[in-house]
Amino acid sequence: APVLELRDVWFSYHPDRPVLRGVSFTVPRRGHVALVGPSGAGKSTILALIERFYEPDRGTILFNGYQPSIAECRQRIGLVEQTTPILHGTLRDNLTYAAPDATDEQIRDVLEKTNLTEFVSRLPAGLETPAGEHGGMLSGGQRQRLAIARALLARPELLLLDEPTSQLDAANEAAFAQTLDQVAGECALLVIAHRPATVRRAQTVIALEQGRISTDAGLVP
Ligand code: ADP
Ligand code: ADP
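Quick caveat: nothing in here was measured; it's all calculated off a predicted structure. (Residues numbered from 1 in each chain as written. Chains lettered and ligands numbered in written order. Predicted model: local features only at pLDDT ≥ 70, side-chain atom pairs only at ≥ 80, totals over all residues. Heavy atoms only, no water.)

Q: So what exactly am I meant to see when it comes to helix α6 (residues 170-184) here?
A: Since the α-helix advances by 3.6 residues per turn, residues separated by three or four positions end up pointing in the same direction. Here α6 spans 21 Å end to end across 15 residues, near enough to the 21 Å set by a 1.5 Å rise per residue. All of the buried residues along α6 are Asn172, Glu173, Phe176, Ala177, Thr179, Leu180, Val183 and Ala184. Along the long axis of α6, the arc covered by the buried residues comes to 160°, so they all point the same way. Facing away from the buried side of α6, by more than 90 degrees, are the exposed residues Ala170 and Ala171. Here the buried face of α6 lies against β3 (32-36), α4 (104-113), α5 (140-152), β6 (158-162), β7 (188-192) and α7 (196-199). (Helix = DSSP H or I, 4+ residues; strand = E, 2+ residues; numbered from the N terminus. Expected span 1.5 Å × (residues − 1). Buried < 20%, exposed > 50% of the residue type's maximum accessible area, 1.4 Å probe, protein only. Arc of directions from axis to C-beta. Contact = heavy atoms within 4.5 Å.)

Quick look at the structure:
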């Protein structure tokens, strides 16, 4: 079974105003799918349904071919948002806080995949100490890659990303897109994106418009 399958999903926040109107698509195991479409099309709502913050009015969402519990969803599906809340302390602190049981080897591995190895002792917030004392702050782009590293430590089978590059400049967006390629080998990605450099990396692009898939070009069967 694909890692994720939506079958004819309908959803409304208010009665008689459906936000999703029969959405069906799949994300293959280790696949990389981009979800595009204008603001208000329903993209974030799809992610919220996959995470089971809401339940569909109609239709089903299958994870590995079955309906998982909410606990399983949170455990096996990672989420990276537009901006990443970061704790005071170093980048390493930010990883071990989220995953106290992670081994040094796992931490090395996720830092390598996200091209952050050289920044491990940097202070993401850079607030407690004068800039430079710990090698300076992390840029917005580095912080988004940290979000991926943090999510990967939980060994998710699917990573949902909600406009992860919308706040980044072109150079940081390119570095982020490269990180996505490195991660795509080990877990499936569903990325809401609007900027071409991020969308281009996906194997499949799904376009959503007013709660419906507006093209099936390139849809994975
Ligand atoms: P997108 O992510 O494509 O911009 P959203 O999924 O955020 O779209 O929103 C789809 C529609 O649902 C919009 O009309 C939005 O106003 C509405 N909507 C989103 N979240 C809520 C909510 N929590 N309560 C009510 N309406 C919402
Ligand atoms: P980029 O490297 O992608 O150009 P920036 O470093 O300029 O990103 O940061 C993007 C946003 O995050 C800016 O609004 C900036 O004020 C904020 N920001 C950057 N670094 C920090 C930090 N260490 N602590 C708090 N906010 C930060």
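Q: Could you clarify how one ought to interpret the pattern of salt bridges in this entry?
A: Oppositely charged side chains can pair when the atoms bearing their charge come close. All chains considered together, the criterion is met by twelve salt bridges. Where Glu157 meets Arg76, a salt bridge forms, and the shortest distance between an N and an O atom there is 2.6 Å. Of the two residues, Glu157 is situated in the loop between α5 and β6 and Arg76 in helix α2 (residues 70-76); the sequence distance between them amounts to 81 residues. Where Arg92 meets Asp104, a salt bridge forms, and the shortest distance between an N and an O atom there is 3.8 Å. A residue pair is termed long-range when its members are at least 10 positions apart, and Arg92 in helix α3 (residues 91-98) and Asp104 in helix α4 qualify at twelve residues. (Salt bridge = Lys/Arg side-chain N within 4 Å of Asp/Glu carboxyl O.)

Q: Explanation requested: the site of ligand 1 in the structure shown.
A: Taken together, the neighbourhood of ligand 1 is formed by Tyr13, His14, Val19, Pro38, Ser39, Gly40, Ala41, Gly42, Lys43, Ser44, Thr45 and Tyr54. Contact between ligand 1 and Ala41: an oxygen atom at 3.2 Å from a main-chain N or O atom of the residue. Interatomic distance of 3.0 Å between a backbone N/O atom of Gly42 and an oxygen atom of ligand 1. Coverage of ligand 1 by the protein amounts to 59% of the 560 Å² it exposes when considered alone. For the shell around ligand 1, the secondary structure elements donating two or more residues are β1 (4-14) and α1 (43-50). Looking at the shell around ligand 1 residue by residue, the classes come out as five nonpolar, six polar and one charged. (Near = heavy atom within 4 Å. Polar contact = N/O pair within 3.5 Å; in protein donor to acceptor, adjacent residues only side chain to side chain. Areas by Shrake-Rupley, 256 points an atom, 1.4 Å probe, with all protein chains shown as cover. Nonpolar A, V, L, I, M, F, W, Y, C, P; charged D, E, K, R; others polar.)

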